[in-house]
Amino acid sequence: MLVLDNLAKLFFLLVALFAVHVSAVPRPDGSTPVKRTLLTNAARRIGTSEAQVLVLSVSHRWWVFFMFFVFLSQWGSSLKRIARTPTTSALPTGGNIKVVRKSNGVTVGYVSKNTGLTGFGVTDTPSDRLSVTFTPISPFNIAITGNKYPFLGFAGGNLGTTDSHSLVATNPTAPGASPQNVGNTVFGTSESSIWSYDSTTRALTAQWINSSGPRPETHFWYYPLFNKIAIVRTPSLQLLGYEVMHSAPLIDF
């Protein structure tokens, strides 16, 4: 509606300019146009002098053109105000997940694209690395390729003090949802939308959601004997394996 109103105003202004132009056209006999003074009927009835009323003459056409350009400027400003403000969004991120031992910073390997009965493990072979992509707006899903289930998550129920949940491929679960029976590469319930990402350190973290009670501490754990990556709640109660963490340069885990 704002644009239509301005177009209507522009139309009437152009009509006024045309009328002024016509009033200034030389006569056929070549004589100089007579200066025109426009008085209202009310002014004539009360005998008001020309100096006391608003006049529009050929000599004042420059003022009309000035007002025309002022109008165009204001019209352009109004269009800018109604223009939609662009929104920003996080860009997708992708790569391989590097696994580093927390106690000494030594690289263990990369998350393997092959999953067995115990979930995803670690590989030293570049061609066997799992490729992932995600948009880092926490919490988010991590998309994977080459698997029946499209997202990366963990399988298990409520995370207790001695439990460990395997890293698996899974169907998606909603952000903030507790374990759901949506299907995964191991069995039972799982969660997928639990990930966060630090763009400065390139570190991935996860937050498991229990069905009740406070959110448990979530630590990444690796079992070399089974080549299994998992999450645990209490590292000190684990009899095998060790805690793993992130490290540059790729997506770190």
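Residues numbered from 1 in each chain as written. Predicted model: local features only at pLDDT ≥ 70, side-chain atom pairs only at ≥ 80, totals over all residues. Heavy atoms only, no water.

**Some remarks on the environment of Phe 140**
Stated formally: Put simply, DSSP marks the helices as runs of H or I at least four residues long and the strands as runs of E at least two long, and each gets a number from the N terminus on. Here, two residues are considered to be in contact whenever any of their heavy atoms come within 4.5 Å of each other.
Considering the arrangement of structural elements, one finds Phe 140 in the loop between β4 (131-134) and β5 (142-144). Between the alpha carbons of Phe 140 and Ser 192 there is a distance of 7.8 Å; along the sequence they are 52 residues apart. The residues contacting Phe 140, other than those within four sequence positions of it, are Phe 134, Thr 135, Ser 192, Ser 193, Ile 194, Trp 195, Ser 196, Tyr 197 and Leu 204.

**Regarding the pairing of strand β3 (residues 119-123)**
Residues in a regular strand point their side chains to alternate faces of the sheet. Cut-off, in case you're wondering: The rule is simple: take the accessible area with a 1.4 Å probe, protein chains only, and divide by the maximum for that residue type; under 20% is buried, over 50% is exposed, in between is partly exposed. Here, any two strands with at least 2 DSSP bridges between them count as paired.
The buried fraction of β3 is high, at 5 of 5 residues. One ladder, built from 4 bridges, connects strand β2 (residues 107-116) with β3; its direction is antiparallel. Along β3, the bridge assignment pairs Gly 116 with Gly 119.

**Here we look at the pattern of salt bridges**
We count it as follows: Salt bridges are identified by distance alone: a Lys or Arg side-chain nitrogen within 4 Å of an Asp or Glu carboxyl oxygen.
Taken as a whole and judged by the stated rule, the model has 1 salt bridge. Between Glu 243 and Lys 102 there is a salt bridge, and its shortest N-O distance comes to 3.7 Å. Taken together, the positions of Glu 243 in strand β13 (residues 242-245) and Lys 102 in the loop between β1 (93-101) and β2 put the pair 141 residues apart, joining distant regions of the chain. Glu 243 gets classed as buried once you look at its relative accessible area, which sits at 17%.

**Here's the deal with unusual backbone geometry**
A cis geometry characterises the amide bond from Ser 138 onward to Pro 139, with omega recorded as -10°. Tracing the sequence through the fold places Pro 139 in the loop between β4 and β5. One non-glycine residue, Asn 227, lies in positive phi territory at about 45°. Mapped onto the elements of the fold, Asn 227 is located in the loop between β11 (219-223) and β12 (228-232).

**Concerning the pairing of strand β6 (residues 151-155)**
With 5 of its 5 residues buried, β6 lies for the most part within the structure. Relative to β6, β5 runs antiparallel, the two sharing 2 bridges. By the bridge assignment for β6, Ile 142 is matched with Leu 152. Counted along the chain from β5 to the antiparallel partner β6, the turn is 6 residues long, and its residue Gly 146 has a positive phi close to 75°. For β6 and strand β7 (residues 164-170), the ladder comprises 5 bridges, and the chain directions are antiparallel. Paired with Leu 152 across the bridge in β7 is Ala 169. Here β6 runs beside strand β8 (residues 190-191); their pairing, made up of 2 bridges, is antiparallel. Opposite Ala 155, over in β8, you have Ser 190 as the bridge partner.

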